[in-house]
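Analysis of the macromolecular model
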Amino acid sequence: MAVPGPEQYPTELLDTTMDQLRTLIVVHEAGTALGAARRLGREQSSVQKQLDTMNRTFAALCGEELVLKQGRGQDALFTATGEALVELARRTLGEWAEGVHDARRRLGRTLSVGTTRYTLGFLLDAVEHVSADYERAGVDLKVTHVRTGDLFTKLRTQELDLVCGSVVVTEGEEAELLAPYEVMEWRRSGLSLLTNLPPDRLSGASFSARDLPRLPLVVSAGGLIGRFLTSWYGSDYRQRLTVAAEIEAAHYGFELLRSGVVSGAMLVTRGIGEAAADGRLPEAGGLRTLEIVGEVGPRTEVLVGVFTRRGERDAYPPDHPLNRLWEALSWESERWWLRP
């Protein structure tokens, strides 16, 4: 099918604006012109005027209006043509927004960075080195909290340009996992236990990984810990371990153990265990830390570092914001021993 040249597009179509497309989308989401007006901060008459204009335009072009008026208090009724063009409007605006973002990123006008909770401080230290240069160049730096499980997804979809965080790497699978990314490795480590059990029930400074099934455990439902346990015990690890509590966030587990509601041990990364033992994690105060030693399955580690899409830094000049921040993070990695 031949794609028409610009001179072949209908005049009525060319008169349709992106603002009108946005209004159509918001009316569809809000249900009424009044609801859309409230979301857009406009008068209802302004929204209705745009709808009337689009109805006339596409009735002439397609033979059917987009939105039919209903009785007072009822949602607008979108025709089949209207429903189809709402989806087309979403794609159109989304592609334009993505194109503009890509151009700004390529030209160094914007940089989107993600960080997990325990690597935020490290990133902020690095940002201090480049913030003045970014301000002079008008760089829009956006920092977003990212969950460990979403780290690679947000890089792959280009939602983020760089991420500071942690991933689980398993012997024999690491090369394939990391192949699409450039990695600045800060640290590798295993797991620790935080426990409220008295020393007479759980003694010493370390605990064998092979003995985990005999402990009442507090485990995260997903993230790093879930991936560790899946690597060691398989996807049915809940049946092979004694799970006293399953949690979504580490802080909830700290509270459970400190309250005494649950007696047992919580699996955490070694960095968190060290932070708790050193008093740098007040929310885990009063809990003892034990290092987990040995392996149950294939060698599995937490890799902490900086990640970006492979080849992207090489495509930019040295003074591009991505390369400047990477350099600053490299300086920081030489100055500090990162604790995730």
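In the block above lies the structure referred to throughout.
Values in this document were obtained by computation on a predicted structure and should not be read as measured data. (Residues numbered from 1 in each chain as written. Predicted model: local features only at pLDDT ≥ 70, side-chain atom pairs only at ≥ 80, totals over all residues. Heavy atoms only, no water.)

Section: the environment of Arg117
- Structurally, Arg117 is set in the loop between strand E3 (110–115) and helix H6 (120–137).
- Discounting chain neighbours no more than four positions away, the residues touching Arg117 are His145, His251, Leu281 and Glu283.
- At a separation of 3.5 Å, a polar atom in the side chain of Arg117 contacts the side chain of Tyr118.
- A polar contact is formed between the side chain of Arg117 and the side chain of Glu283, at a distance of 3.2 Å. (Helix = DSSP H or I, 4+ residues; strand = E, 2+ residues; numbered from the N terminus. Contact = heavy atoms within 4.5 Å. Polar contact = N/O pair within 3.5 Å; in protein donor to acceptor, adjacent residues only side chain to side chain.)

Structural notes on helix H2 (residues 18–30)
- Over its 13 residues, H2 extends 18 Å from the first C-alpha to the last, a length consistent with the 18 Å expected when each residue adds 1.5 Å.
- Restricting attention to buried positions, one finds in H2 the residues Gln20, Leu21, Thr23, Leu24, Ile25, Val26 and Val27.
- The elements touched by buried residues of H2 are helix H3 (33–40), helix H4 (44–62), strand E1 (67–68), strand E2 (77–78) and helix H5 (80–106).
- At the exit of H2 stands Gly31, carrying a positive phi of roughly 100 degrees. (Expected span 1.5 Å × (residues − 1). Buried < 20%, exposed > 50% of the residue type's maximum accessible area, 1.4 Å probe, protein only.)

Considering the packing of aromatic side chains
- Here the structure, examined in full by the defined rule, presents 4 aromatic pairs.
- Ring centres of Phe122 and Trp186 lie 4.1 Å apart, and the angle between their planes is 55 degrees; this geometry places the pair in the tilted category. A residue pair is termed long-range when its members are at least 10 positions apart, and Phe122 in helix H6 and Trp186 in strand E6 (residues 181–189) qualify at 64 residues. Pair check on accessibility: Phe122 and Trp186 agree, each one buried. (Phe/Tyr/Trp six-rings, centres within 6.5 Å; stacked < 30°, edge-to-face > 60°.)

Quick word on the pairing of strand E13 (residues 300–309)
- With 10 of 10 residues buried, E13 lies mostly within the body of the structure.
- The pairing of strand E5 (residues 162–170) with E13 spans 9 bridges and is antiparallel. What sits directly across from Gly165, in E13, is Gly305.
- Examined bridge by bridge, E6 and E13 share 8 bridges and lie antiparallel to one another. Directly across from Ser189, in E13, lies its bridge partner Val302. (Pairing = 2+ DSSP bridges.)

A short note on the pairing of strand E11 (residues 265–269)
- In terms of burial, E11 is largely enclosed, as 5 of its 5 residues are buried.
- Burial along E11 is two-sided: Ala265, Leu267 and Thr269 and Met266 and Val268, pointing in opposite directions, are all buried.
- The pairing of strand E7 (residues 191–195) with E11 spans 5 bridges and is classified as antiparallel. Its bridge partner being in E11, Thr195 is matched across the sheet by Ala265.
- With 2 bridges joining them, strand E9 (residues 216–220) and E11 adopt parallel strand pairing.

So, unusual backbone geometry
- At Gln158, a residue that is not glycine, the phi angle is positive and equals roughly 65 degrees.
- Checked against the element boundaries, Gln158 lands in the loop between helix H7 (151–156) and E5.

Overview of the pattern of salt bridges
- With the rule as written, the count across this model stands at 23 salt bridges.
- Here Arg90 makes a salt bridge to Glu87, at a shortest N to O gap of 2.6 Å. One end of the pair is Arg90 and the other is Glu87, both in helix H5 and 3 residues apart, which spans about a single turn.
- For Arg90, a relative accessible area of 29% puts it in the partly exposed group.
- The salt bridge partner of Arg270 is Glu291, with a shortest N-O separation of 3.6 Å. Note that Arg270 is positioned in helix H12 (residues 270–277) and Glu291 in strand E12 (residues 288–293), a separation of 21 residues in sequence.
- The buried category is assigned to Arg270, whose relative accessible area is 18%.
- Overlapping salt bridges, with partners in common, bring together Glu174, Glu185, Arg188, Glu295, Arg299 and Glu301 in one network. (Salt bridge = Lys/Arg side-chain N within 4 Å of Asp/Glu carboxyl O.)

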